[in-house]
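Listed here are the chains, written in short residue letters.
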Amino acid sequence: MAELVFFSGTMDCGKSTLALQMDHNHRARGRQGLVLTKHDRAGEAVLSSRLGLSREALEVGDELDLWDLVVEQATHGRPVQYLICDEAQFYTARQVEQLARIVDEMDIDVYAFGIMADFRTELFPGSRRLVELADRLQVPQVEALCWCGRRATHNARVVDGHMVVEGAQVVVGDTTSGPTGEVEYEVLCRRHYMRRMTSHAARAQAASPEVLPFDLDLCPLPIPPRGA
Ligand SMILES: Nc1ncnc2c1ncn2[C@@H]1O[C@H](COP(=O)(O)OP(=O)(O)O)[C@@H](O)[C@H]1O
Ligand SMILES: Cc1cn([C@H]2C[C@H](O)[C@@H](COP(=O)(O)O)O2)c(=O)[nH]c1=O
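Every residue gets a number counted from 1 within its own chain, in the order that chain's sequence is written. Written order determines the labels here, with chains lettered from A and ligands numbered from 1. Reporting of local features is limited, given that this is a predicted model, to residues whose pLDDT is at least 70; pairs of side-chain atoms are given and counted only at 80 or more, and all residues count toward the totals for whole chains, interfaces and linings. The side-chain quantities take in all heavy atoms of the structure and omit both hydrogens and water.

As recorded in an unreviewed UniProt entry, the protein chain goes by Thymidine kinase and comes from Luteipulveratus mongoliensis. UniProt's Catalytic activity (unreviewed entry) comment on the protein chain is quoted here verbatim: "thymidine + ATP = dTMP + ADP + H(+)". UniProt positions are given in the numbering used here, feature names are shortened, and annotations may be inferred rather than shown by experiment.

Structure follows, in C-alpha coordinates:
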(Lines give C-alpha, C1' and ligand atoms only; values in the text may rest on other atoms or scores of the structure.)
(Ligands and ions follow the chains in the order given, each with its own letter.)
Protein backbone atom coordinates (compact mmCIF):
# COMPACT_ATOMS: atom_id res chain seq x y z
CA MET A 1 0.00 0.00 0.00
CA ALA A 2 1.31 3.46 -0.91
CA GLU A 3 2.51 5.84 1.79
CA LEU A 4 3.02 9.53 2.44
CA VAL A 5 6.35 9.77 4.28
CA PHE A 6 7.79 13.01 5.64
CA PHE A 7 11.58 12.99 6.10
CA SER A 8 12.27 15.94 8.33
CA GLY A 9 15.38 17.30 10.02
CA THR A 10 17.30 20.52 10.42
CA MET A 11 19.01 22.24 7.52
CA ASP A 12 22.18 20.48 6.38
CA CYS A 13 21.28 17.03 7.72
CA GLY A 14 21.24 15.34 4.31
CA LYS A 15 17.58 15.51 3.25
CA SER A 16 18.23 16.52 -0.37
CA THR A 17 20.98 13.91 -0.66
CA LEU A 18 18.52 11.28 0.57
CA ALA A 19 15.87 12.56 -1.87
CA LEU A 20 18.31 12.12 -4.77
CA GLN A 21 19.34 8.67 -3.54
CA MET A 22 15.74 7.50 -3.22
CA ASP A 23 14.94 8.74 -6.71
CA HIS A 24 18.04 6.97 -8.03
CA ASN A 25 17.12 3.67 -6.38
CA HIS A 26 13.53 3.68 -7.60
CA ARG A 27 14.57 4.71 -11.10
CA ALA A 28 17.25 1.99 -11.17
CA ARG A 29 14.50 -0.58 -10.64
CA GLY A 30 12.49 0.76 -13.56
CA ARG A 31 9.97 2.75 -11.57
CA GLN A 32 8.79 6.04 -13.04
CA GLY A 33 8.65 9.02 -10.77
CA LEU A 34 8.42 12.77 -10.63
CA VAL A 35 10.96 14.92 -8.79
CA LEU A 36 9.56 18.17 -7.41
CA THR A 37 11.08 21.03 -5.48
CA LYS A 38 10.43 24.62 -4.48
CA HIS A 39 12.96 27.44 -3.96
CA ASP A 40 16.10 25.25 -4.02
CA ARG A 41 19.23 27.27 -3.16
CA ALA A 42 20.75 26.35 -6.54
CA GLY A 43 17.91 28.00 -8.47
CA GLU A 44 14.64 27.18 -10.15
CA ALA A 45 13.68 23.67 -11.22
CA VAL A 46 16.68 21.92 -9.69
CA LEU A 47 17.11 19.63 -6.68
CA SER A 48 20.62 20.08 -5.26
CA SER A 49 22.59 18.54 -2.43
CA ARG A 50 25.62 20.01 -0.66
CA LEU A 51 27.47 16.81 -1.57
CA GLY A 52 27.58 18.14 -5.13
CA LEU A 53 24.84 16.04 -6.72
CA SER A 54 21.88 17.65 -8.38
CA ARG A 55 19.21 16.89 -10.95
CA GLU A 56 16.47 18.76 -12.75
CA ALA A 57 13.15 18.92 -10.99
CA LEU A 58 9.71 20.39 -11.44
CA GLU A 59 9.37 23.73 -9.67
CA VAL A 60 6.25 23.77 -7.50
CA GLY A 61 4.57 27.17 -7.81
CA ASP A 62 1.88 28.12 -5.29
CA GLU A 63 -0.83 27.61 -7.90
CA LEU A 64 0.32 24.22 -9.15
CA ASP A 65 -2.26 21.50 -8.53
CA LEU A 66 -0.28 18.34 -7.80
CA TRP A 67 -3.26 16.05 -8.33
CA ASP A 68 -3.85 17.53 -11.80
CA LEU A 69 -0.14 17.22 -12.56
CA VAL A 70 -0.12 13.48 -11.89
CA VAL A 71 -3.39 12.93 -13.78
CA GLU A 72 -1.97 14.83 -16.76
CA GLN A 73 1.17 12.68 -16.78
CA ALA A 74 -0.90 9.49 -16.81
CA THR A 75 -3.16 10.87 -19.56
CA HIS A 76 -0.08 11.44 -21.72
CA GLY A 77 1.13 7.86 -21.26
CA ARG A 78 3.55 8.56 -18.39
CA PRO A 79 2.04 6.86 -15.35
CA VAL A 80 3.69 7.99 -12.13
CA GLN A 81 4.66 5.44 -9.47
CA TYR A 82 6.29 7.68 -6.90
CA LEU A 83 6.86 11.35 -6.10
CA ILE A 84 9.95 12.92 -4.54
CA CYS A 85 9.03 16.29 -3.01
CA ASP A 86 12.00 18.33 -1.75
CA GLU A 87 11.80 21.59 0.23
CA ALA A 88 8.27 20.49 1.13
CA GLN A 89 8.12 23.02 3.97
CA PHE A 90 7.43 25.62 1.27
CA TYR A 91 4.46 23.76 -0.27
CA THR A 92 1.03 25.12 0.58
CA ALA A 93 -1.23 23.19 2.96
CA ARG A 94 -3.52 22.57 -0.01
CA GLN A 95 -0.68 21.00 -2.00
CA VAL A 96 0.08 18.67 0.90
CA GLU A 97 -3.60 17.65 0.92
CA GLN A 98 -3.27 16.92 -2.81
CA LEU A 99 -0.27 14.70 -2.03
CA ALA A 100 -2.29 12.74 0.54
CA ARG A 101 -5.07 12.26 -2.00
CA ILE A 102 -2.56 11.04 -4.60
CA VAL A 103 -1.39 8.38 -2.12
CA ASP A 104 -4.88 7.29 -1.11
CA GLU A 105 -6.72 7.39 -4.41
CA MET A 106 -3.97 6.63 -6.92
CA ASP A 107 -1.85 4.33 -4.72
CA ILE A 108 1.32 6.33 -5.49
CA ASP A 109 4.16 6.61 -2.95
CA VAL A 110 4.99 10.17 -1.93
CA TYR A 111 8.31 10.94 -0.22
CA ALA A 112 8.47 14.49 1.12
CA PHE A 113 11.62 16.13 2.51
CA GLY A 114 11.85 19.36 4.45
CA ILE A 115 12.64 21.30 7.58
CA MET A 116 9.95 21.41 10.23
CA ALA A 117 10.34 24.88 11.68
CA ASP A 118 11.63 28.29 10.69
CA PHE A 119 14.25 30.52 12.36
CA ARG A 120 11.64 31.58 14.96
CA THR A 121 10.85 27.90 15.78
CA GLU A 122 7.43 28.25 14.10
CA LEU A 123 6.21 25.43 11.88
CA PHE A 124 6.13 26.06 8.14
CA PRO A 125 2.58 25.65 6.72
CA GLY A 126 3.63 22.74 4.47
CA SER A 127 5.42 20.93 7.30
CA ARG A 128 2.51 21.43 9.69
CA ARG A 129 0.11 19.82 7.20
CA LEU A 130 2.59 17.00 6.55
CA VAL A 131 2.80 16.26 10.28
CA GLU A 132 -0.99 16.21 10.37
CA LEU A 133 -1.42 13.95 7.33
CA ALA A 134 1.70 11.80 6.81
CA ASP A 135 1.58 8.05 7.35
CA ARG A 136 5.08 8.27 8.82
CA LEU A 137 7.57 10.87 9.93
CA GLN A 138 11.17 9.81 9.46
CA VAL A 139 14.29 11.45 10.85
CA PRO A 140 17.31 11.18 8.51
CA GLN A 141 20.13 9.11 10.02
CA VAL A 142 22.87 11.71 9.70
CA GLU A 143 22.67 14.35 12.42
CA ALA A 144 23.71 17.93 11.86
CA LEU A 145 25.66 19.17 14.87
CA CYS A 146 25.64 22.38 16.90
CA TRP A 147 29.04 24.05 17.29
CA CYS A 148 29.14 22.58 20.83
CA GLY A 149 28.95 19.03 19.48
CA ARG A 150 25.37 18.30 20.51
CA ARG A 151 22.78 17.23 17.96
CA ALA A 152 21.41 20.30 16.20
CA THR A 153 17.65 20.67 16.54
CA HIS A 154 17.06 24.29 15.50
CA ASN A 155 17.73 26.48 12.48
CA ALA A 156 19.03 29.92 13.43
CA ARG A 157 19.07 32.84 10.99
CA VAL A 158 22.17 35.02 11.09
CA VAL A 159 22.40 38.50 9.57
CA ASP A 160 25.70 40.36 9.68
CA GLY A 161 27.00 37.87 12.21
CA HIS A 162 24.04 38.24 14.58
CA MET A 163 21.23 35.79 15.20
CA VAL A 164 17.84 37.33 14.47
CA VAL A 165 14.36 36.19 15.49
CA GLU A 166 12.26 38.56 13.43
CA GLY A 167 11.77 38.80 9.69
CA ALA A 168 10.11 37.12 6.72
CA GLN A 169 9.52 33.42 7.12
CA VAL A 170 10.96 32.54 3.72
CA VAL A 171 14.47 33.70 2.85
CA VAL A 172 16.33 31.16 0.74
CA GLY A 173 19.91 30.75 1.94
CA ASP A 174 22.70 28.46 3.01
CA THR A 175 24.51 27.39 6.16
CA THR A 176 27.81 28.81 4.93
CA SER A 177 28.65 32.49 5.01
CA GLY A 178 27.65 34.60 2.03
CA PRO A 179 28.66 38.19 1.37
CA THR A 180 28.20 40.60 4.30
CA GLY A 181 24.58 41.56 4.85
CA GLU A 182 23.25 38.36 3.33
CA VAL A 183 21.08 36.04 5.35
CA GLU A 184 22.79 32.84 6.38
CA TYR A 185 21.75 30.02 8.68
CA GLU A 186 23.41 28.06 11.47
CA VAL A 187 22.03 24.91 13.04
CA LEU A 188 22.12 24.88 16.85
CA CYS A 189 21.09 22.68 19.78
CA ARG A 190 18.10 24.00 21.72
CA ARG A 191 20.22 25.35 24.60
CA HIS A 192 22.30 27.48 22.32
CA TYR A 193 19.31 28.49 20.17
CA MET A 194 17.51 29.77 23.30
CA ARG A 195 20.61 31.69 24.39
CA ARG A 196 21.15 33.01 20.86
CA MET A 197 24.65 31.62 21.11
CA THR A 198 25.88 31.05 17.58
CA SER A 199 29.46 29.93 16.93
CA HIS A 200 30.32 33.58 16.22
CA ALA A 201 28.83 34.72 19.58
CA ALA A 202 30.60 31.90 21.42
CA ARG A 203 33.94 32.94 19.96
CA ALA A 204 33.33 36.58 20.86
CA GLN A 205 32.34 35.64 24.42
CA ALA A 206 35.36 33.38 24.87
CA ALA A 207 37.66 36.16 23.65
CA SER A 208 36.19 38.85 25.92
CA PRO A 209 38.14 39.46 29.17
CA GLU A 210 35.01 40.98 30.80
CA VAL A 211 32.94 37.82 30.92
CA LEU A 212 33.13 35.06 33.49
CA PRO A 213 34.69 31.77 32.35
CA PHE A 214 32.52 30.04 29.79
CA ASP A 215 29.87 27.69 31.17
CA LEU A 216 31.57 24.35 30.56
CA ASP A 217 28.35 22.44 30.97
CA LEU A 218 27.02 24.24 27.91
CA CYS A 219 30.19 23.75 25.95
CA PRO A 220 31.42 20.13 25.95
CA LEU A 221 33.68 20.80 22.95
CA PRO A 222 36.29 23.56 22.56
CA ILE A 223 35.06 26.84 21.10
CA PRO A 224 35.31 26.43 17.31
CA PRO A 225 38.09 28.28 15.51
CA ARG A 226 37.03 31.10 13.18
CA GLY A 227 35.72 29.74 9.87
CA ALA A 228 34.87 26.30 11.31
N1 LIG B 1 32.62 17.90 1.73
C2 LIG B 1 31.75 17.03 2.27
N3 LIG B 1 32.12 15.77 2.55
C4 LIG B 1 31.26 14.88 3.08
N5 LIG B 1 29.99 15.16 3.36
C6 LIG B 1 29.56 16.39 3.11
C7 LIG B 1 30.40 17.38 2.54
N8 LIG B 1 29.69 18.52 2.40
C9 LIG B 1 28.44 18.22 2.87
N10 LIG B 1 28.38 16.94 3.29
C11 LIG B 1 27.22 16.23 3.86
O12 LIG B 1 26.06 16.70 3.25
C13 LIG B 1 25.08 16.99 4.25
C14 LIG B 1 24.16 18.05 3.72
O15 LIG B 1 23.44 17.46 2.65
P16 LIG B 1 22.15 18.14 2.02
O17 LIG B 1 21.44 17.02 1.32
O18 LIG B 1 22.54 19.32 1.23
O19 LIG B 1 21.34 18.59 3.34
P20 LIG B 1 19.88 19.17 3.53
O21 LIG B 1 19.10 18.94 2.27
O22 LIG B 1 19.31 18.43 4.72
O23 LIG B 1 20.04 20.64 3.85
C24 LIG B 1 25.89 17.37 5.47
O25 LIG B 1 25.21 17.09 6.69
C26 LIG B 1 27.10 16.46 5.34
O27 LIG B 1 26.81 15.21 5.95
C1 LIG C 1 15.23 28.17 8.83
C2 LIG C 1 14.73 28.76 7.55
C3 LIG C 1 15.19 28.29 6.35
N4 LIG C 1 14.74 28.83 5.19
C5 LIG C 1 15.26 28.34 3.91
C6 LIG C 1 16.76 28.31 3.79
C7 LIG C 1 16.99 27.23 2.75
O8 LIG C 1 16.88 27.82 1.46
C9 LIG C 1 15.82 26.27 2.99
C10 LIG C 1 16.22 25.01 3.73
O11 LIG C 1 16.98 24.22 2.86
P12 LIG C 1 17.85 22.94 3.35
O13 LIG C 1 18.00 22.15 2.09
O14 LIG C 1 17.07 22.21 4.40
O15 LIG C 1 19.14 23.47 3.87
O16 LIG C 1 14.87 26.98 3.78
C17 LIG C 1 13.78 29.83 5.22
O18 LIG C 1 13.35 30.30 4.17
N19 LIG C 1 13.32 30.29 6.41
C20 LIG C 1 13.76 29.80 7.59
O21 LIG C 1 13.30 30.28 8.66
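Okay, back to it.
Asks: Can you break down the environment of Pro 209 residue by residue, with the values?
Replies: The helix count covers DSSP runs of H or I at least four residues long, the strand count covers runs of E at least two residues long, and both are numbered beginning at the N terminus. Mapped onto the secondary structure, Pro 209 falls in the segment after α6 (199-207). In this structure the C-alpha to C-alpha distance between Pro 209 and Trp 147, which are 62 residues apart in sequence, comes to 21 Å.

Asks: Quick rundown of the UniProt feature "binding site: substrate" (unreviewed entry) in the protein chain? Include the residues and the values.
Replies: Following the UniProt record, one finds the feature "binding site: substrate" (unreviewed entry) at Val 170, Val 171, Val 172, Gly 173 and Tyr 185. Across 16 residues of sequence, these annotated residues stay compact in space, with a maximum C-alpha separation of 12.1 Å. Counting through the fold element by element, Val 170 comes out in the loop between β10 (162-164) and β11 (183-188). When residues no more than four places from it in sequence are discounted, the contact partners of Val 170 are His 39, Phe 90, Phe 124 and Arg 157. The residue Val 172 is located in the loop between β10 and β11 in this model. A simple rule labels every residue: compare its accessible area, found with a 1.4 Å probe on the protein chains alone, to the largest value its type can have, and call it buried under 20%, exposed over 50%, or partly exposed in between. For Val 172, a relative accessible area of 42% translates into the label partly exposed. Should any heavy atoms of two residues lie within 4.5 Å, those residues are counted as being in contact. Once you skip the residues sitting within four places of it in the chain, Val 172 turns out to touch His 39, Asp 40 and Arg 41.

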